[in-house]
Amino acid sequence: MGEDIKIIEPRTERLQLRQWTPSDRDPFAAMCADSQVMEYFPNTLSRSESDSIVENCQSFIAENGWGVWAAELIGSTEFIGIIGLHIPSADVPSSPCVEILWRLARPHWGHGYATEAASAALKVGFEQLNLQEIVSFAVVNNRRSRALMERLNMIDTGEVFAHPDVPASSLLQQHCLYNISKVNWLTNSA
Ligand SMILES: CC(C)(COP(=O)(O)OP(=O)(O)OC[C@H]1O[C@@H](n2cnc3c(N)ncnc32)[C@H](O)[C@@H]1OP(=O)(O)O)[C@@H](O)C(=O)NCCC(=O)NCCS
């Protein structure tokens, strides 16, 4: 075995971001089968597709100590969604890069949970992983995701690109690209 990896599990006022457990599979599958949550993805996910994401997230965190975490509400321990840092497998304009991403179950929208969790994920990226830049991208008309990027003080690069994993025939192919540098993050956090 290699060296021991310290697993980073950020905690905020209301949320615990943590390594995945088997009990997350059911609520994650339900969230990924919800057409409203998946409105800006090419399709909802089957159980085997959502389980495969859980396995990938879990093993990436086990190997690296960070990644896309399961988010639970402190107190209730309820799984509410996923937030974290990810190396895109698709070739996007900012590649190689680390992106921040999010997906919350519908009942948990509108409470500021994504802002709170994503702020903690940016802090891990800049303070613990010493990244110089974190990017994010979304379907151009994904208003909620873009509003979240703006609440996080991410900058709209103005670049719009055709996401390589989305079919050219899809209205969801055009993505906008945001980023935040460590320097800007430090300025905003001061
Ligand atoms: C993108 C997504 C995570 C954003 O969720 P969200 O609930 O809009 O974002 P937040 O959790 O930060 O909550 C912000 C909202 O809560 C409100 N709010 C309530 N209490 C708050 C608090 N304590 N702090 C901050 N905002 C608070 C804000 O006013 C805002 O309301 P508004 O949407 O009416 O403007 C969610 O819509 C989602 O999971 N979408 C589907 C998946 C997806 O598209 N992912 C992105 C792919 S690129």
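Source: prediction; values computed, not measured. (Residues numbered from 1 in each chain as written. Predicted model: local features only at pLDDT ≥ 70, side-chain atom pairs only at ≥ 80, totals over all residues. Heavy atoms only, no water.)

**Description of the layout of surface pockets**
And then number 1: The computed volume of the second largest pocket comes to approximately 150 Å³.
And then number 2: Lining the second largest pocket, in full, are Ser119, Ala120, Leu122, Lys123, Arg151, Leu152, Asn153, Ile180, Trp185, Asn188 and Ser189.
And then number 3: Counting residues per element, the ones that place at least two in the lining of the second largest pocket are helix H3 (113–128) and helix H5 (182–189).
And then number 4: The element best represented in the lining of the second largest pocket is H3, accounting for four residues.
And then number 5: Of the residues that constitute the lining of the second largest pocket, the class distribution is five nonpolar, four polar and two charged. (1 Å grid on protein atoms, 1.4 Å probe; cavity = no way out; pocket = protein on both sides within 12 Å on 5 of 7 lines; lining within 4 Å. Points joined across faces, edges and corners; volume = space filled by probe spheres on them. Helix = DSSP H or I, 4+ residues; strand = E, 2+ residues; numbered from the N terminus. Nonpolar A, V, L, I, M, F, W, Y, C, P; charged D, E, K, R; others polar.)

**Some details on the pattern of salt bridges**
And then number 1: Using the criterion set out here, one finds nine salt bridges in the structure.
And then number 2: Between Arg25 and Asp51 there is a salt bridge whose closest N-O contact spans 3.8 Å. Placement of the pair is Arg25 in helix H1 (residues 25–32) and Asp51 in helix H2 (residues 47–64), with a sequence separation of 26 residues.
And then number 3: The closest approach of N and O atoms between Lys123 and Glu127, which form a salt bridge, is 3.1 Å. Here the residue Lys123 and the residue Glu127 both occupy positions in helix H3, the gap between them amounting to four residues, near one helical turn.
And then number 4: The exposure class assigned to Glu127 is partly exposed, which follows from its relative accessible area of 47%.
And then number 5: Among the ionic contacts, a cluster of salt bridges with common partners joins Arg25, Asp26, Arg47, Asp51 and Glu55. (Salt bridge = Lys/Arg side-chain N within 4 Å of Asp/Glu carboxyl O. Buried < 20%, exposed > 50% of the residue type's maximum accessible area, 1.4 Å probe, protein only.)

**Comments concerning H2**
And then number 1: Compared with an ideal rise of 1.5 Å per residue, which puts 18 residues at 26 Å, H2 spans 26 Å between its outermost C-alpha atoms and is within 8% of the ideal.
And then number 2: Those residues of H2 that fall on the buried side of the exposure criterion are Ser50, Asp51, Val54, Cys57 and Ile61. In a view along the axis of H2, the buried residues occupy a sector of 125°, so they form one face of it. Among the exposed residues of H2, those pointing more than 90 degrees away from its buried face are Ser48, Asn56 and Glu63.
And then number 3: Looking at the packing, one finds that the buried side of H2 touches H1 and strand S2 (68–73).
And then number 4: Looking one or two residues beyond H2, the residue adopting positive phi is Gly65, at roughly 90°. (Expected span 1.5 Å × (residues − 1). Arc of directions from axis to C-beta. Contact = heavy atoms within 4.5 Å.)

**Focus on the nonpolar core**
When a protein is soluble and globular, its nonpolar side chains tend to lie buried together.
And then number 1: Within the largest apolar cluster, 48 residues are counted, with the highest numbers of intra-cluster contacts made by Trp20, Phe28, Trp69, Ile100, Trp102, Leu122 and Ile134.
And then number 2: Among the elements that take part in this core, H3 stands out by supplying eight residues, more than any other.
And then number 3: Formed by seven residues, the second largest nonpolar core is a distinct cluster that contains Val92, Cys97, Val135 and Phe161. (Core = buried A, V, L, I, M, F, W, Y, C linked by side-chain atoms within 4.5 Å.)

**What about a positive patch on the surface?**
And then number 1: A surface patch of like charges, here positive, comprises Arg106, Arg143, Arg144 and Arg151.
And then number 2: Residue Arg106 is classed as partly exposed on the basis of its relative accessible area of 31%. (Patch = residues over 30% accessible without salt bridge, like charges linked within 9 Å, V, L, I, M, F, W, Y side chains within 5 Å. Areas by Shrake-Rupley, 256 points an atom, 1.4 Å probe, with all protein chains shown as cover. Lys, Arg positive; Asp, Glu negative; His and termini not counted. Charge placed at Lys NZ, Arg CZ, Asp CG, Glu CD.)

**Here's the deal with the environment of Ile83**
And then number 1: In this structure, Ile83 sits in strand S3 (residues 79–86).
And then number 2: The sequence separation of Ile83 and Ser136 amounts to 53 residues, and the corresponding C-alpha distance is 12 Å.
And then number 3: Those residues in contact with Ile83, other than ones at most four positions away along the chain, are Gly67, Val68, Trp69, Leu101, Trp102, Ala114, Ala117, Ala118 and Ala121.

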